[in-house]
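Now for the letters of each chain:
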Amino acid sequence: MPTFFPALTIARYTLLEALRSRLPWLFMLAACGAAALAGFLQQLALTESGAVQAALLAATLRLASVFLLATFIITSMAREAADRGLELLLALPMPRVAYLLGKLLGYGVLAAVPALLFGLLMALFAAPAHSALWALSLLGELWIVAAFSLLCASSLQQVLPALAATGGFYLLARMLGSLQLLAHGAQAGDSWLQRATAGAIDVLALLLPRLDAFTRTDWLLYATGDWQALAGVAAQTIIYVALLASCALCDFYRRNI
């Protein structure tokens, strides 16, 4: 067990850092703010005000959880590198894989906080079973974002480029389904440029996770989700977290620290 116990220690201190940074309080503040905003916008809806409130609340909570988690991971890694804490840890008789897996494990446990909190909040607006489905899917989405944020923070080593790369990755993965519909729809042309664009989008769809299939609002509004859909979400989560962690580990061993 030369890797397991050091990884658990790193994960524990990662969670302690999140507590000292008041990150759980930020998640609670985001939940309160999103609920207040959705309640205000509900008054502006002429019809189906409850569905409008639930949809706005779900979208706001999803974006808030992704933004707060990615920002914490990237700034935490950058601060640790700037304070020479990383060099001190690597000077100990501990393999680098233990450090990276410990960080990933800590961030994975931390991602469960907004998934549980926001899932309980959404249970006030939708059926508990579908709120649980939505929360589990949000957890998978946050795990992928956490793994990509860790990769960017480890390889780019600067806060702004890492945040920009993570935001671009998330938005592109979220929009891939819509981009494919536009590229292959009836309005798409037949020129070589449009065919090349459609081909490039198809290649990206093969490489990136289909986050548009995660945490779908229609699961809450129309009860369209089922456990089979969650199985697809779980499969994508396992594949991409393992792939991103492997990339981060390769880059981490390649660096001369």
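Residues numbered from 1 in each chain as written. Predicted model: local features only at pLDDT ≥ 70, side-chain atom pairs only at ≥ 80, totals over all residues. Heavy atoms only, no water.

1. Looking at unusual backbone geometry
So, point 1. Unusually for a residue other than glycine, Arg-22 sits at a positive phi of about 60 degrees.
So, point 2. Here Arg-22 is to be found in the loop between helix H1 (4-20) and helix H2 (23-42).
So, point 3. For Thr-215, which is not glycine, the phi torsion reads 50 degrees and is therefore positive.
So, point 4. Of note, Thr-215 is situated in the loop between helix H8 (192-207) and helix H9 (217-222).
So, point 5. Judged by its relative accessible area of 0%, Thr-215 falls in the buried class. (Helix = DSSP H or I, 4+ residues; strand = E, 2+ residues; numbered from the N terminus. Buried < 20%, exposed > 50% of the residue type's maximum accessible area, 1.4 Å probe, protein only.)

2. Here's the deal with the environment of Arg-96
So, point 1. Mapped onto the secondary structure, Arg-96 falls in helix H5 (residues 96-122).
So, point 2. Residue class for Arg-96 comes out buried when judged on its relative accessible area of 17%.
So, point 3. Each C-alpha atom, one on Arg-96 and one on Phe-252, is 7.6 Å from the other, the two residues being 156 residues apart in sequence.

3. A closer look at the side chain of Arg-62
So, point 1. Summarising the element assignment, Arg-62 is placed in helix H3 (residues 49-82).
So, point 2. Although Arg-62 is buried, it forms no salt bridge, and the closest oppositely charged side chain is Glu-141 at an N-O distance of 4.3 Å.
So, point 3. Here Arg-62 is in contact with Leu-138, Glu-141, Tyr-170, Arg-174, Thr-215 and Thr-217, once residues within four sequence places are set aside. (Lys, Arg positive; Asp, Glu negative; His and termini not counted. Salt bridge = Lys/Arg side-chain N within 4 Å of Asp/Glu carboxyl O. Contact = heavy atoms within 4.5 Å.)

4. Thoughts on the pattern of salt bridges
So, point 1. In total, this model carries 5 salt bridges according to the counting rule given.
So, point 2. The partner of Lys-103 in a salt bridge is Glu-80, with the nearest N and O atoms 3.3 Å apart. Note that Lys-103 is positioned in helix H5 and Glu-80 in helix H3, a separation of 23 residues in sequence. The pair formed by Lys-103 and Glu-80 is uniform in burial state, with each residue classed as buried.
So, point 3. Of the charged contacts, one joins Arg-216 and Asp-218 as a salt bridge, the two residues approaching to 3.0 Å between their closest N and O atoms.
So, point 4. Judged by its relative accessible area of 34%, Arg-216 is partly exposed.
So, point 5. For Asp-218, a relative accessible area of 22% corresponds to the partly exposed category.

5. Examining the confidence of the model for the protein
So, point 1. Averaged over all residues, the pLDDT of the protein equals 83, while 87% of them reach at least 70.
So, point 2. Element-level mean pLDDT values for the protein span from 66 in helix H4 (residues 85-90) up to 91 in helix H6 (residues 128-156). (pLDDT = per-residue confidence, 0-100.)

6. Notes on H5
So, point 1. Its 27 residues give H5 an end-to-end C-alpha distance of 39 Å, which sits within 8% of 39 Å, the value for a rise of 1.5 Å per residue.
So, point 2. The buried count for H5 comes to 19 of 27 residues, which makes it a mostly enclosed element. (Expected span 1.5 Å × (residues − 1).)

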